[in-house]
Amino acid sequence: MPTHQAVYIADNEAAMVALGEQLGRVFAQYPSALTVHLLGDLGAGKTTLTRGILRAFGHAGAVKSPTYTLVEAYEFAARTVYHFDLYRLGDPEELEYMGIRDYFSANTLCLIEWPARGEGVLPVPDLVVAISVAGDGRSLNLRTDSAALAALLPPT
Ligand code: ADP
Ligand code: MG
């Protein structure tokens, strides 16, 4: 299966939130459950992008990092969004105790920071967003094996 790639540049925090909003609109209209992995070092902008994604669903407020709770749920009419931060996850098996499978059911959108911490237990992602520092801004590399999802992504 060919992997589809798209690269975006976000020059500052506002551009990052705006790109998150564009992606959020795609996710909101997507007809089935989605798992998105957010890769990048501490401070790359994973949570900032998540704030934009949630804004597209109608969440105008702050987004706190679920560093200790591991996951934060946001319920919308369109779908429930789960925002994971697995940075402090000790063992992927802890996800089993959390009832991880329930989070990936039905029509949910799962945004996962530090997915490598849950390797072997997390499902395969539909989309991988890798964020890296580029000058004062950030570059975002999006990869998906889904032609349908790739076709919906914003123009680069
Ligand atoms: P992470 O969740 O990856 O650890 P955060 O989203 O908490 O990172 O963001 C870390 C910092 O990077 C914040 O101060 C934020 O304002 C800044 N930031 C986010 N996106 C960008 C960007 N595109 N350009 C410059 N700074 C950014
Ligand atoms: Mg974060």
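In this report, the structure presented in the accompanying data block is examined. Computed from a predicted structure; not experimentally measured. (Residues numbered from 1 in each chain as written. Chains lettered and ligands numbered in written order. Predicted model: local features only at pLDDT ≥ 70, side-chain atom pairs only at ≥ 80, totals over all residues. Heavy atoms only, no water.)

1. Regarding the coordination of the magnesium ion (ligand 2)
So, point 1. Protein coordination at the magnesium ion (ligand 2) comes from T47 (OG1) and E113 (OE), with a distance range of 2.1 to 2.3 Å. Highlighted residues: T47 in helix 2 (residues 46-57) and E113 in strand 5 (residues 109-113), separated in sequence by 66 residues. Accessibility classification places T47 together with E113 in one group, the buried group. (Donors = N, O, S within 2.8 Å, 3.2 Å for Na, K, Ca; no water. Helix = DSSP H or I, 4+ residues; strand = E, 2+ residues; numbered from the N terminus. Buried < 20%, exposed > 50% of the residue type's maximum accessible area, 1.4 Å probe, protein only.)

2. Observations regarding the site of ligand 1
So, point 1. The environment of ligand 1 is formed by 17 residues, the closest being E13, G43, G45, K46 and T48.
So, point 2. One of the backbone nitrogen or oxygen atoms of G45 is found 2.9 Å away from an oxygen atom of ligand 1.
So, point 3. Within the side chain of R138, an N or O atom sits 3.2 Å from an oxygen atom of ligand 1.
So, point 4. Against a free-state accessible area of 570 Å², the protein chains account for coverage of 74% of ligand 1.
So, point 5. No other element matches helix 2, which puts 3 residues into the shell around ligand 1.
So, point 6. Counted by class, the shell around ligand 1 contains 4 nonpolar, 6 polar and 7 charged residues. (Near = heavy atom within 4 Å. Polar contact = N/O pair within 3.5 Å; in protein donor to acceptor, adjacent residues only side chain to side chain. Areas by Shrake-Rupley, 256 points an atom, 1.4 Å probe, with all protein chains shown as cover. Nonpolar A, V, L, I, M, F, W, Y, C, P; charged D, E, K, R; others polar.)

3. Some words on the packing of aromatic side chains
So, point 1. The final tally for this structure, using the stated rule, is 5 aromatic pairs.
So, point 2. Measuring from ring centre to ring centre gives 6.0 Å for F84 and F104, while their planes differ by 10°; the resulting arrangement is stacked. In this pair, F84 sits in strand 4 (residues 80-85) while F104 sits in the loop between helix 4 (100-103) and strand 5, placing the two residues 20 residues apart along the sequence. Comparing F84 with F104, the two get one shared label, buried.
So, point 3. Joined through ring pairs, the aromatic side chains of Y82, F84, Y103 and F104 make up one cluster. (Phe/Tyr/Trp six-rings, centres within 6.5 Å; stacked < 30°, edge-to-face > 60°.)

4. Quick notes on the sheet that holds strand 1 (residues 4-10)
So, point 1. In space, the 7 strands of this open sheet follow the order 1-7-6-2-5-4-3, with mixed pairing throughout. The open sheet has two edge strands, strand 1 and strand 3 (71-75), and neither has a second partner. The average undirected angle you get between the axes of adjacent strands in this sheet is 15°.
So, point 2. Both strand 3 and strand 4 contribute to a ladder of 5 bridges, which runs antiparallel. Its bridge partner being in strand 4, Y74 is matched across the sheet by V81.
So, point 3. Here helix 1 (residues 13-29) sits on the sheet and contacts strand 1, strand 2 (34-39), strand 5, strand 6 (127-134) and strand 7 (137-144); the angle it forms with strand 7, its principal contact strand, is near 20°.
So, point 4. Of the strands in this sheet, strand 2, strand 3, strand 4, strand 5, strand 6 and strand 7 touch helix 2, which is tilted by about 165° from strand 5. (Pairing = 2+ DSSP bridges. Axes fitted to C-alpha atoms, helices over the stretch in contact; angles between N-to-C directions. Contact = heavy atoms within 4.5 Å.)

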